[in-house]
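Spelled out, the chains give:
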Amino acid sequence: MAAQCCCRKAPGAEAAPARPPPEPPPALDVASASSAQLFRLRHLQLGLELRPEARELAGCLVLELCALRPAPRALVLDAHPALRLHSVSFRRAPASSDSPCTFAFPAPGLGPPLPAFADAPGAESAGCPLAFRLDPFTDYGSSLTVTLPPELQAHQPFQVILRYTSTDAPAIWWLDPELTYGNAKPFVFTQGHSVCNRSFFPCFDTPAVKCTYSAVVKAPLGVQVLMSATQSVYVEEEGVYRFHMEHPVPAYLVALVAGDLKPADIGPRSRVWAEPCLLPTATSKLSGVVEQWLSAAERLYGPYMWGRYDIVFLPPSFPIVAMENPCLTFIISSILESDEFLVIDVIHEVAHSWFGNAVTNATWEEMWLSEGLATYAQRRITTETYGAAFTCLETAFRLDALHRQMRLLGEDSPVSKLQVKLEPGVNPSHLMNLFTYEKGYCFVYYLSQLCGDPQRFDDFLRAYVEKYKFTSVVAQDLLDSFLSFFPELKEQSVDCRAGLEFERWLNATGPPLAEPDLSQGSSLTRPVEALFQLWTAEPLEQAAASASAIDISKWRTFQTALFLDRLLDGSPLPQEVVMSLSKCYSSLLDSMNAEIRIRWLQIVVRNDYYPDLHRVRRFLESQMSRMYTIPLYEDLCTGALKSFALEVFYQTQGRLHPNLRRTIQQILSQGLGPSAEPSAETGTELGSAEEDTNPDSPALLLGDEAPSSTISLRDVNVSA
């Protein structure tokens, strides 16, 4: 049988490691309806058929389980109304836990694929039918209850086989060819974080549960399929892709992408995948440097354990900046033009290979354990690679955004805690904010300062990863390990220092209790502060004259972005100041990358500066990404430019993904107010816009209701 290797090591190239020993029952997760604490999930197998014309995924899922106590009455899985269950069956596991599972794909239109186990041919392979029911759980999922045979013994391996079809699933994004760069072939990708993959396949959708997985995927001819797996092979005779993930991962890290994608090697263990028209740019920007980042991370935190580190660039419809899917980072193509943001975002995802993927937060209430540690590791890697000054500049830029978010939320906001209380029914994605990243980073940085030496703290984190890799942890695991690694600090009771108690770090609202010393970046941040002071403190004529002597075209992107963010914070500005700013900078900024341009255009909009409004129109006409459209529409609809926003939206909506289109419709509808109506010219029925099913909505929802004033996506724009 001829097999063409797609991207990763060929099966059988080396012996697979032994599976880890049984883990203790996971902690209860209020975001999961599952009975995960009653079972051990040993492995899951997926058989998938992609049907882009119908925007449908046909699936067969085999869960390999054992009960942790005798005679469990039922197995409860997380599911979603988008899943249509056709059948559920039971089968005692074969003698070998590694028995292969193959999938026979039917002709189009004949229903989902049926499983056929290699050691159990014929009718027996289908197993015994089981009764099941779907019940409402929350607005982001359902509970699937499967009745189990009564004689099931504790620790006895068994399999549950589920046949289903998924349509209109929040986790699965189908793109028509015109929403891609090449306009040639349909495109599909999945996004599981935080709780979306329950609409991709029934599962224990909690970060507390990890398992290995394998998959067989059939796609239309000429469509390249990739998954977050350590092994990947295309079997030409069968026309299917086969994948295997040899390390345990939580459900949200099972990811798939398929489309007109081509590869290019950028290092000994890395390649980029992109649409053909984007591949040269992606290759030129990342060739050689990803290996530098991986090597720096390995020196700090130990061997990279996932085999390959590949990157796939997705169309602008990708709802976030980047996602750390193991072996295959997903990243939005729009970021390619902003070099420094690209560097930081990819390094952040590299850091997740140790913090988040290998060692995972056991509950969504402690996302900082992944994001805070990954942000700290990211900055250690950038310091090793690009120096302390650049790292301090990027940190200052992010902490500036953190304090902006704090001003908007108020210091008593419950989502500013590191240990956030997740109430039943609240989507965990609503808790994603800069506190998760930057307040978490500040706490980790504080811990590093307690031990007095960054290298010693690197040694601790290396030992922490080695101890907990491929498991899920809570904050106490990290802190107990820290005090055990540094017994002298435990003797000094550093966890109880007045005002800086570990418990207070975790549970106090408000800003970080301590922030890092960023003086090593003063050579880059001081000019930004000086220019900002010129424009806000000096007489206008003197400011314009002095500013003209400062050439910001030679600044780093983060310097210019920080300067513009400060001006945004001060908006609305006096009209004569905006006029002078435009005269000095508008043409120059218009030639820079999108991260710079959007900030200047937000200044234009927030100050109702009509002479530069044509630049806003041109920008929105060229952008299809949430991160570059939502902030401008939000600003347009809170000022005097609502009719302009409607006009631009009407002209561009056909090029936007339906989810993004619905989100902008909601913004426009809210901005119009209760008594206003869309103009007859637009013909857009804003009031009937459906609710956006995408979890990364433009407003940061707090608890069950949105706050009276929403927070701009620009203020919470973070990669996963």
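Residues numbered from 1 in each chain as written. Predicted model: local features only at pLDDT ≥ 70, side-chain atom pairs only at ≥ 80, totals over all residues. Heavy atoms only, no water.

Quick word on the overall build of the chain
The helix and strand tally for the chain stands at 20 helices and 25 strands. Taking all 720 residues of the chain together, the buried fraction comes to 61%. Only carbon and sulfur atoms are counted for the fraction: they give 52% of the accessible area of the chain, which is about 26600 Å². (Helix = DSSP H or I, 4+ residues; strand = E, 2+ residues; numbered from the N terminus. Buried < 20%, exposed > 50% of the residue type's maximum accessible area, 1.4 Å probe, protein only. Areas by Shrake-Rupley, 256 points an atom, 1.4 Å probe, with all protein chains shown as cover.)

With respect to the pattern of salt bridges
Counting across every chain of the model gives 36 salt bridges. Two residues, Arg51 and Glu49, come together in a salt bridge whose shortest N-O distance is 3.2 Å. Between Glu151 and Arg92 there is a salt bridge, with its nearest N and O atoms 3.1 Å apart. Placement of the pair is Glu151 in the loop between strand S10 (141-147) and strand S11 (157-167) and Arg92 in strand S5 (residues 83-92), with a sequence separation of 59 residues. Taking relative accessible area as the criterion, Arg92 reaches 38% and is therefore assigned partly exposed. (Salt bridge = Lys/Arg side-chain N within 4 Å of Asp/Glu carboxyl O.)

Considerations on the sheet that holds strand S9 (residues 132-138)
Read from one edge of the open sheet, three strands run S4-S10-S9, paired in antiparallel fashion. A strand with exactly one partner marks an edge of an open sheet, and here the two such strands are strand S4 (74-79) and S9. The sheet shows a mean angle of 25° between the axes of neighbouring strands, taken without regard to direction. Sheet topology places S4 next to S10; six bridges connect them, and they run antiparallel. Bridge pairing links Ala79 to Ser142 in S10. (Pairing = 2+ DSSP bridges. Axes fitted to C-alpha atoms, helices over the stretch in contact; angles between N-to-C directions.)

A look at helix H7 (residues 454-468)
Between the first and last C-alpha of H7 there are 21 Å, a value that for 15 residues agrees with the 21 Å anticipated at 1.5 Å per step. Taken together, the buried positions of H7 are Phe457, Asp458, Phe460, Leu461, Tyr464, Val465 and Tyr468. Relative to the axis of H7, the buried residues are bounded by an arc of 160° and lie together on one face. Of the residues in H7, the exposed ones pointing more than 90 degrees away from the buried face are Glu466 and Lys467. Where H7 is buried, its residues meet helix H2 (289-301), strand S24 (359-361), helix H4 (368-386), helix H6 (434-450), strand S25 (471-473) and helix H8 (475-485). By the N-cap criterion, in which a side-chain oxygen at the helix start approaches the backbone nitrogen of a residue two or three places on, H7 is capped by Asp453, the distance to Gln455 being 2.9 Å. Phi turns positive one or two residues past the end of H7, at Phe470, with a value near 65°. (Expected span 1.5 Å × (residues − 1). Arc of directions from axis to C-beta. Contact = heavy atoms within 4.5 Å. Polar contact = N/O pair within 3.5 Å; in protein donor to acceptor, adjacent residues only side chain to side chain.)

Considering the packing of aromatic side chains
Counting across every chain of the model gives 41 aromatic pairs. Note on Tyr234 and Tyr241: the rings are 4.6 Å apart at their centroids and 40° apart in plane angle, and the pair reads as tilted. Like Tyr234, the residue Tyr241 is buried in the burial classification. If you follow Arg379 out to its NZ or CZ, it ends over the ring of Tyr441, 4.4 Å from the centre. (Phe/Tyr/Trp six-rings, centres within 6.5 Å; stacked < 30°, edge-to-face > 60°. Lys NZ or Arg CZ within 6 Å of the ring centre and 35° of its normal.)

Quick look at the sheet that holds strand S22 (residues 322-323)
Read from one edge to the other, the open sheet built from five strands follows the order S19-S20-S21-S23-S22, with strand pairing classed as mixed. Only two strands of the sheet have a single partner each, and these edge strands are strand S19 (262-267) and S22. Across two bridges, strand S20 (residues 270-274) lies against strand S21 (residues 310-314) in parallel orientation. Along S21, the bridge assignment pairs Val272 with Ile311. Packing of helix H3 (residues 339-352) onto the sheet brings it into contact with S21, S22 and strand S23 (328-332), and relative to S23 it is tilted by some 150°.

Describing helix H13 (residues 557-570)
For H13, spanning 14 residues, the distance from its first C-alpha to its last is 20 Å, which sits close to the expected 20 Å at 1.5 Å a residue. Most of H13 is tucked away, with twelve of its 14 residues classed as buried. Every buried residue of H13 is listed here: Thr557, Phe558, Gln559, Thr560, Ala561, Leu562, Phe563, Leu564, Asp565, Arg566, Leu567 and Leu568. Check the buried side of H13 and you find it contacts H3, helix H5 (388-409), helix H11 (522-537), helix H14 (575-590) and helix H15 (594-606).

Concerning the packing of H2 against H3
Relative to each other, H2 and H3 sit at 45°, their axes nearing to 10 Å. The orientation of H2 with respect to H3, classified from their angle, is oblique. Crossing of H2 against H3: the hand is right-handed. Of the residues in H3, those touching H2 at Trp293, Leu294 and Ala297 are Val343, Val346, Ile347 and Val350. Considered class by class, the residues forming the contact of H2 with H3 number seven nonpolar, no polar and no charged. (Parallel < 35°, antiparallel > 145°, perpendicular 65-115°, else oblique. Left-handed = near helix turned anticlockwise from the far one by under 90°. Nonpolar A, V, L, I, M, F, W, Y, C, P; charged D, E, K, R; others polar.)

Observations regarding the pairing of strand S16 (residues 231-235)
The buried fraction of S16 is high, at five of five residues. Here S16 shows two buried faces, one formed by Gln231, Val233 and Val235 and the other by Ser232 and Tyr234. If you look at the hairpin formed by S16 and strand S17 (residues 240-249), you'll find four residues sitting between the two strands, and Gly239 has a positive phi there, around 65°.

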